Amino acid sequence: MAIEITELEIDEWRAEAEGRGEQVFQQSVLGDHYLLPKDIGQGGDRVIQLRGGLTLAICETQFFQPMQIKRSHEESFPLTAKFYLAGASTVTTQNTAEIASEYSETAGSSYLYHLPDLTEIETWSAHKPNQMVMIYADVDYFRTLNPTTEALPQPLQALMQDTGRFHQSAGKMTPAMALVLQQICHCPYQGSAQHLYLESKALELLALQFACFETTHSKSKPSAKLNSADLERVEYARDLLIQQIADPPSLMKLARLSGLNEFKLKRGFRHLFGTTVFGYLYDYRM
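About the criteria used
- Residues numbered from 1 in each chain as written.
- Predicted model: local features only at pLDDT ≥ 70, side-chain atom pairs only at ≥ 80, totals over all residues.
- Heavy atoms only, no water.
- Pairing = 2+ DSSP bridges.
- Helix = DSSP H or I, 4+ residues; strand = E, 2+ residues; numbered from the N terminus.
- Axes fitted to C-alpha atoms, helices over the stretch in contact; angles between N-to-C directions.
- Salt bridge = Lys/Arg side-chain N within 4 Å of Asp/Glu carboxyl O.
- Buried < 20%, exposed > 50% of the residue type's maximum accessible area, 1.4 Å probe, protein only.
- Contact = heavy atoms within 4.5 Å.

1. Overview of the sheet that holds strand β8 (residues 88-93)
Link 1 in the chain: Pairing in this open sheet of five strands is mixed, and the strands run β1-β6-β11-β8-β9 from one edge to the other. At either end of the open sheet lies a strand with only one pairing partner, and these are β1 (3-6) and β9 (102-106). Averaged over all pairs of adjacent strands, the angle between their axes in this sheet comes to 25 degrees, without regard to strand direction.

See the structure below:
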């Protein structure tokens, strides 16, 4: 039977283990290492803060019993690239139209996701090694590379518009990704050179994954053509937004009031006004 636990309860479990004399936290120049209490499993997470708000995490764990970990994400959530080297997990979500109610992540694949304001339960098997590398970055990080969102691949730009909640497979990891991942996990440098090396490898890994994601999804993403009636509804939505500027409706409500789905509404604003719905609202207020 799986142990059901929240992230807060894991922290409390660590604190109890530390009180018994276990070493559950290590801090170094490179970053922080959070270890599992010995009665839960072995291994843990290494979290390395890089420049510009970029974060690299290396997870190597093995649980002694099946685990169900409940995570509650805040409204501020980074764009996350995950690379699964070993193991597998199943994730369930509730009351979220954009995300499948259940999906699996498996070794040999990589994933891209942005999951603000969401609760999920991740299930792990017992006595199986898990190894993952994650890269976390605020979307604004990529705007420092390019003043527009064109620093992201086109399919990812569409997903990141407005609410931008999504979880997508970027496909099987390529040999080039596998090489960079091994270089990250077995960094040959120390001190400041180590930080520079890991930062360069994290960026290289993101570039490889974005290229793979663009190839995988650019041809498969369905298009939604906008006819003249749709464009009239987009203009009507614009008028509603201006009329209610003091207390603007949510994207979902605006789409419903204008008779469009959210995708067509966002696409229509891009087509007619060259910006997102809330980008238009911001510009109008200014």
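2. Section: the pattern of salt bridges
Pairs may arise between side chains of opposite charge once their charged atoms sit close together.
Link 1 in the chain: For the coordinates displayed, the defined rule picks out 12 salt bridges.
Link 2 in the chain: Of the charged contacts, one joins R71 and E122 as a salt bridge, the two residues approaching to 2.6 Å between their closest N and O atoms. Separated by 51 residues along the polypeptide, R71 in strand β6 (residues 67-72) and E122 in strand β11 (residues 119-124) bring together distant segments of the chain. Judged on exposure class, the residue R71 and its partner E122 are both buried.
Link 3 in the chain: A salt bridge links R233 to D230; the shortest N-O distance between them is 3.5 Å. Of this pair, R233 and D230 both sit in helix α6 (residues 228-243), separated by three residues, roughly a single helical turn.

3. Quick word on the sheet that holds strand β12 (residues 130-137)
Link 1 in the chain: Pairing within the open sheet is antiparallel, and its eight strands lie in the order β2-β3-β4-β5-β12-β7-β10-β13. Strands with a single pairing partner mark the edges of an open sheet, and in this sheet they are β2 (25-27) and β13 (166-172). Pairs of neighbouring strands in the sheet enclose a mean axial angle of 15 degrees, with direction left out of account.
Link 2 in the chain: Sheet topology note: the strand β10 (residues 109-114)/β13 ladder contains six bridges and is antiparallel. Across the sheet, the residue bridging to S109 is K172, located in β13.
Link 3 in the chain: Running over the sheet, helix α4 (residues 175-185) touches β4 (41-49), β5 (55-63), β7 (79-86), β10 and β12 and is turned about 90 degrees from β7.

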